[in-house]
Amino acid sequence: MTHPFETPGQMRTRMDKGAKTAIGGQMMSPDAPITKRISQPRIESSELAARIPEIRAWLQAWKDEEARTEGLTLATTKKSSAGLRFSVPSSITFASLEDYVAWIGSTQDYQVAGRRIGELTDLDARLFGMTRIWQGLAALSEPDFLSFLELLRWRRDNPDSHPPVRALAIPGLDTKWIEGHQMLVKAAFHLLGALNPDGESALERLGFDTCDRMTVWFRCGAGIGGMAALAPQFALRPSDTTPSQVAGARRAIIVENQTSFEMLELGPRDIAIFGQGGQAPAALGLMPWLHEALDEILYWGDMDGEGYRILSRARAVLPELRSILMDAQAAHDHIEALSVSIDTDPRPVPDRLNDTETSAYTLLAPAGRRIEQERIPRQQVVAALAQPDALARSA
């Protein structure tokens with residue numbers, strides 16, 4: 001139960017929860033003093049005399065805090081009520097932002113963020129605005145921050161270039177990285193004036209090409225004619241694809257991971273489509289013939305926050321899209337043996353997931369777990385492809 005008189009420890013906890021906004025705004029003038037109000041209790045006049053000892057102890061606790069904390073000054077207010085006169089702590093003032101972050105215990109993150117904001121500002125003065133999301137900068141690993149810095153250097157120097165992400169020669173940076181750090185990239189590109197508000201997808205709004213230069217890889221079963229009869233595996237731009245190239249196909253399985261795409265065991269009238277880290281929604285939109293010509297289209301991706309967001313975006317194009325091995329049963333079966341640790345994902349459940357996919361998402365994403373599709377045992381993949389309708393009905 002919270003003490004009715006806000007103690008230094010309680011106030012420190014409260015301020016730490018609001019530090020993201022408070023510190024970000026204060027970074028604009030780090031040497032300016034910062035004043036924070038101490039929460040005041042509501043005490044009935046009839047109770048006041050009995051609680052004077054508590055009030056005095058409360059005031060003394062704050063005076064002790066002032067004495068042991070460098071850069072902190074306590075302000076008090078004189079009160080008069082029910083014939084009693086007494087003083088209460090009313091606010092504390094920190095001499096600078098550095099004193100403030102030291103008191104709430106965020107010194108290390110603040111120092112990391114401060115150094116990184118300095119590097120961003122050296123790159124381009126407009127990036128000083130990244131102070132408002134300083135905690136995101138502090139949370140990056142050093143290799144990730146260096147990749148981010150190179151991305152911003154490239155965007156600054158190439159404002160009119162709109163390549164696919166995979167064309168950027170930046171170590172450690174790919175489509176999944178961009179999508180996983182979208183808040184930081186979007187904020188920085190906004191400051192650089194590099195966003196494309198007319199883009200249909202998140203990557204397009206960041207100024208990356210996902211359509212015109214996209215190539216879609218197909219692997220085809222032995223019973224499919226057309227181009228597939230000559231080359232069972234081929235790649236084309238979506239705009240260059242036609243039903244005749246996969247004549248006789250009845251089912252498509254969209255697979256996000258390249259290893260899984262290459263190793264997937266196909267039926268004679270199956271085609272596998274390589275989703276290439278999130279391109280599946282755009283590809284589906286550019287190949288309308290696919291869901292007109294085939295009996296069924298399945299999606300199989302990683303069981304993590306991004307995998308389910310890709311599924312959600314793909315369903316915005318094709319609502320009847322079915323997933324395999326992304327349901328609650330698959331998540332429970334493999335979370336202990338096959339999942340790997342990643343950053344926790346606090347974002348809400350994506351739209352357009354069914355109940356069992358939602359259960360899987362809430363089991364994995366908030367806990368920072370990922371089950372990569374290539375780790376699923378081969379026999380379970382074969383079984384799932386043999387009974388897609390049964391899996392869909394159980395969802």
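Structural data are supplied above this passage.
Rules of the game
Residues numbered from 1 in each chain as written. Predicted model: local features only at pLDDT ≥ 70, side-chain atom pairs only at ≥ 80, totals over all residues. Heavy atoms only, no water. Helix = DSSP H or I, 4+ residues; strand = E, 2+ residues; numbered from the N terminus. Rg over C-alpha atoms; globule rule 2.2 N^0.38 Å. Buried < 20%, exposed > 50% of the residue type's maximum accessible area, 1.4 Å probe, protein only. Contact = heavy atoms within 4.5 Å. Axes fitted to C-alpha atoms, helices over the stretch in contact; angles between N-to-C directions. Parallel < 35°, antiparallel > 145°, perpendicular 65-115°, else oblique. Left-handed = near helix turned anticlockwise from the far one by under 90°. Nonpolar A, V, L, I, M, F, W, Y, C, P; charged D, E, K, R; others polar. Pairing = 2+ DSSP bridges. 1 Å grid on protein atoms, 1.4 Å probe; cavity = no way out; pocket = protein on both sides within 12 Å on 5 of 7 lines; lining within 4 Å. Points joined across faces, edges and corners; volume = space filled by probe spheres on them.

A. View of the overall build of the chain. In terms of helices and strands, the chain carries 19 helices and eleven strands. Taken over the C-alpha trace, the chain has a radius of gyration of 28 Å; the compact-globule value for 395 residues is 21 Å, which it surpasses by more than 25%. Principal-axis analysis of the C-alpha atoms places the extent of the chain at approximately 95 × 50 × 35 Å. Per-residue burial over the chain gives 46% buried out of 395 residues. Sequence-distant contacts in the chain: of pairs separated by 6 or more residues, those separated by 24 or more amount to 67%.

B. Geometry of the packing of helix 5 (residues 107–123) against helix 7 (residues 142–157). Close contact between helix 5 and helix 7 brings their axes to 10 Å; oriented N to C, the two are set at 20°. By the angle class used here, helix 5 and helix 7 are roughly parallel. When the axes of helix 5 and helix 7 are compared, the crossing they make is right-handed. On helix 7, the residues that touch Arg115, Arg116, Glu119, Leu120 and Leu123 of helix 5 are Glu142, Phe145, Phe148, Leu149, Leu152, Arg153 and Arg156. Across the contact of helix 5 with helix 7, the residue classes tally to six nonpolar, no polar and six charged.

C. Focus on the sheet that holds strand 4 (residues 216–220). A sheet is described by the order of its strands in space; here six strands give the open sequence 5-4-7-6-8-9, paired in mixed fashion. In the strand order of this sheet, the two ends are held by strand 5 (233–236) and strand 9 (322–323), each with one partner. In this structure, strand 6 (residues 251–255) lies alongside strand 8 (residues 296–300), joined through five bridges in parallel fashion. Looking at strand 8, one finds that Arg251 is bridged to Glu296.

D. Structural detail: unusual backbone geometry. For Leu325, which is not glycine, the phi dihedral falls at a positive 55°. Residue placement: Leu325 occurs in the loop between strand 9 and helix 16 (328–334). For Leu325, a relative accessible area of 11% translates into the label buried. The phi angle at Arg352 is positive, at roughly 70°, despite the residue not being glycine. Along the chain, the position of Arg352 falls in the loop between strand 10 (340–341) and helix 17 (355–364). Taking the relative accessible area as the measure of exposure, Arg352 reaches 42% and is therefore partly exposed.

E. Molecular detail of the environment of Phe148. Structurally, Phe148 can be placed in helix 7. Its relative accessible area of 0% is what places Phe148 among the buried residues. Separated by 15 residues in the primary sequence, Phe148 and Ile133 have C-alpha atoms spaced 14 Å apart. In this structure, Phe148 is in contact with Leu120, Met130, Leu137, Leu140, Trp177, Leu184, Val185 and Ala188, ignoring residues within four places of it in sequence.

F. Representation of the layout of surface pockets. Of the voids in this model, the largest pocket is the one considered here, and its volume is about 930 Å³. Around the largest pocket sit 27 residues that line it, and Gly180, His181, Asp343, Thr344 and Arg347 are the ones nearest its centre. Those elements that provide at least two residues to the lining of the largest pocket are helix 6 (134–139), helix 8 (175–180), helix 9 (182–191) and helix 15 (305–317). Per element, the largest residue contribution to the lining of the largest pocket is four residues, and it comes from helix 8. Each residue belonging to the lining of the largest pocket can be placed in one class, and the counts come to seven nonpolar, eight polar and twelve charged. Estimated volume of the second largest pocket: approximately 640 Å³. Forming the walls of the second largest pocket are 27 residues, and the residues nearest its centre are Glu200, Ser201, Ala202, Arg205 and Arg313. Among the elements of the structure, helix 10 (202–205), helix 13 (280–286) and helix 15 are those that each provide at least two residues to the lining of the second largest pocket. At five residues, the largest contribution of residues to the lining of the second largest pocket is made by helix 15. Residues belonging to the lining of the second largest pocket are distributed by class as follows: eleven nonpolar, six polar and ten charged.

Don't take any of this as a statement about function, it's just geometry.
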